[in-house]
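# Reading the structure
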Amino acid sequence: MRTTLLLAFICFSLFAQAQETSTSLLFKKVPIPGYAFDILVKNTKPYVMSYKVKFDVYGYKTDNRYEFTDTIGPGVEKKIMHLEAKRRIKNRDFTYSWVESIGNFNTKHDLNLKYYLPYEEGKAFKVIQAYDEGNTHKTIEAIDFAMPTGTKVTVARRGLVVDIKQDSTNGCPDESCASDANFVQVLHYDGTFAKYQHLQAESVLVKVGQYVNIGDVLALSGATGQVSEPQLHFEVQRLHPNLDRYVTVPVKFTVNDENKSKILEVGDTFTRPKNIQ
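Predicted, not measured: the structure shown is a model, and the values here were computed from it.

This next bit is on the state of the cysteines. Here the structure, examined in full by the defined rule, presents 1 disulfide. Covalent S-S linkage joins C172 and C177, the inter-sulfur distance amounting to 2.0 Å. Taking the sign of the S-S torsion, about 110° here, the bridge from C172 to C177 comes out right-handed. Overall, the relative accessible area of 4% leaves C177 in the buried class.

Quick look at the packing of aromatic side chains now. In the structure shown here, the tally under the stated rule is 14 aromatic pairs. Each ring, one from F27 and one from Y51, has its centre 6.4 Å from the other, and the planes form 85°; the classification is edge-to-face. Highlighted residues: F27 in strand β2 (residues 25-32) and Y51 in strand β4 (residues 49-58), separated in sequence by 24 residues. Take F27 and Y51: they sit in the same class, and that class is buried. Geometrically, the ring pair formed by F234 and F253 is edge-to-face, given 5.5 Å between the ring centres and 65° between the ring planes. Highlighted residues: F234 in strand β20 (residues 231-239) and F253 in strand β22 (residues 252-254), separated in sequence by 19 residues. Accessibility assignment for this pair places F234 and F253 in one class, buried.

Judged from the 4 bridges that link them, β20 and strand β21 (residues 246-249) form a sheet pairing that is antiparallel. If you follow Q237 over to β21, its bridge partner there is T248. The hairpin turn running from β20 into β21, its antiparallel successor, is 6 residues long, and L243 in that turn takes a positive phi close to 65°.

This paragraph deals with the pattern of salt bridges. Any two side chains of opposite charge can pair, on the condition that their charged atoms come close. The full count for this structure, using the stated rule, is 6 salt bridges. Residues E77 and K28 are paired through a salt bridge, measuring 3.2 Å at the closest nitrogen-oxygen approach. Of the two residues, E77 is situated in strand β7 (residues 77-85) and K28 in strand β2; the sequence distance between them amounts to 49 residues. Judged by relative accessible area, E77 falls into the partly exposed class, the value being 40%.

What the 3 strands build is an open sheet, ordered β9-β22-β23; its pairing is mixed. Each of the sheet's edge strands pairs with one partner strand only, and the pair in question is β9 (114-116) and β23 (261-262).

This next bit is on unusual backbone geometry. For residues besides glycine, phi is generally negative; the peptide bonds are generally trans as well. Notably, E202 is not glycine yet its phi reads approximately 55°, a positive angle. Inspection of the secondary structure assignment puts E202 in the loop between β16 (193-197) and β17 (211-212). According to the relative accessible area criterion, E202 is exposed, its value standing at 57%. With a phi close to 65°, L243 is a non-glycine residue in the positive phi region. Classification of L243 as buried rests on a relative accessible area of 0%.

Turning to the sheet that holds β7, a few remarks are in order. Pairing is antiparallel across the open sheet formed by 4 strands, whose spatial order is β2-β3-β7-β5. Two strands lie at the open edges of the sheet, namely β2 and β5 (60-62), each paired on one side alone. The average angle at which neighbouring strand axes cross in this sheet is 30°, direction not considered. Pairing of β5 with β7, which is carried by 3 bridges, proceeds in the antiparallel orientation. Note on β7: the bridge partner recorded for T62 is L83.

Take the nonpolar core next. Counting 34 residues, the largest nonpolar core has F145, Y196, F234, F253 and L264 as the members making the most contacts within it. Here this core gets 3 residues from one element, more than from any other, and that element is β20. One finds I39, Y47, A85 and W98 within the second-largest nonpolar core, a separate group that totals 31 residues.

With 88% of its residues at a pLDDT of 70 or more, the chain has an overall mean of 86. Per-residue pLDDT stays below 50 along residues 1-22; that stretch engages in 81 contacts with residues further than four places along the chain or on separate chains.

Turning our attention to the pairing of strand β15 (residues 183-187). Burial analysis of β15 places 5 of its 5 residues in the buried class, the great majority of the element. Residues of β15 alternate between two faces, with F183, Q185 and L187 on one and V184 and V186 on the opposite face, all of them buried. Two strands pair when backbone bridges link them, and strand β13 (residues 159-165) and β15 are joined in this way by 5 bridges, in the antiparallel orientation. Its bridge partner being in β15, I164 is matched across the sheet by V184. Relative to β16, β15 is paired through 5 bridges, and the arrangement is antiparallel. Bridged to L187 within β16 is F193.

The rules we used
- Residues numbered from 1 in each chain as written.
- Predicted model: local features only at pLDDT ≥ 70, side-chain atom pairs only at ≥ 80, totals over all residues.
- Heavy atoms only, no water.
- Disulfide = S-S within 2.5 Å.
- Buried < 20%, exposed > 50% of the residue type's maximum accessible area, 1.4 Å probe, protein only.
- Phe/Tyr/Trp six-rings, centres within 6.5 Å; stacked < 30°, edge-to-face > 60°.
- Helix = DSSP H or I, 4+ residues; strand = E, 2+ residues; numbered from the N terminus.
- Pairing = 2+ DSSP bridges.
- Salt bridge = Lys/Arg side-chain N within 4 Å of Asp/Glu carboxyl O.
- Axes fitted to C-alpha atoms, helices over the stretch in contact; angles between N-to-C directions.
- Core = buried A, V, L, I, M, F, W, Y, C linked by side-chain atoms within 4.5 Å.
- pLDDT = per-residue confidence, 0-100.
- Contact = heavy atoms within 4.5 Å.

And the structure:
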């Protein structure tokens, strides 16, 4: 099973007006009269980013800590540091480094939030692996549904598509196939992610940056990655405060037309009810 993490660690001297990089965040220096300048950061992506930045400063006074973690919204540019030269020091210099990840490191998971089963209304599928059990779920909170290849996979909770893989045709029970799983990853408004995995090759119907609503078709199910039979793997993740990994969390699904939700268990078969907003 693959966990997707956008992670960048970059180190630069800031004596350029802007840093053009292949990462999601753009840092730049804005001169201020009086031997001073501001450091700005811009998020070039259509989703929230978290970052941890560290400054090494010599010969400057600053209005912020030299190391801190923060978030920045989609398309936002903001000032994160003001530096003023110490007049009696001639050889002034500073560098910075940062780590960045998709999502909000302050995310607080709410178990009472409602998720719909990730397939079409009226369809029913059996749970073959659940939370913290089975061959590949011993340390993760995830659900596997036995599902024939080519079944429509639908949005369980509205959000923004942030990552896609659909070029794999490989699948096997061995761990060597884990990274071959096709998937769609959706970012929710609270900063958690849903991941829909083991999808059929070239079947994804959405694009990165696209907003999706409950019941929208994302792709077709398949048997790519580490699998012993066709299935859909569904998990919800949050970004760890260290920004170095994502952690899975349990969720409850609406399993009947009375709008009641529950934790799914192995062996149960659930029919997808109609959307109840």
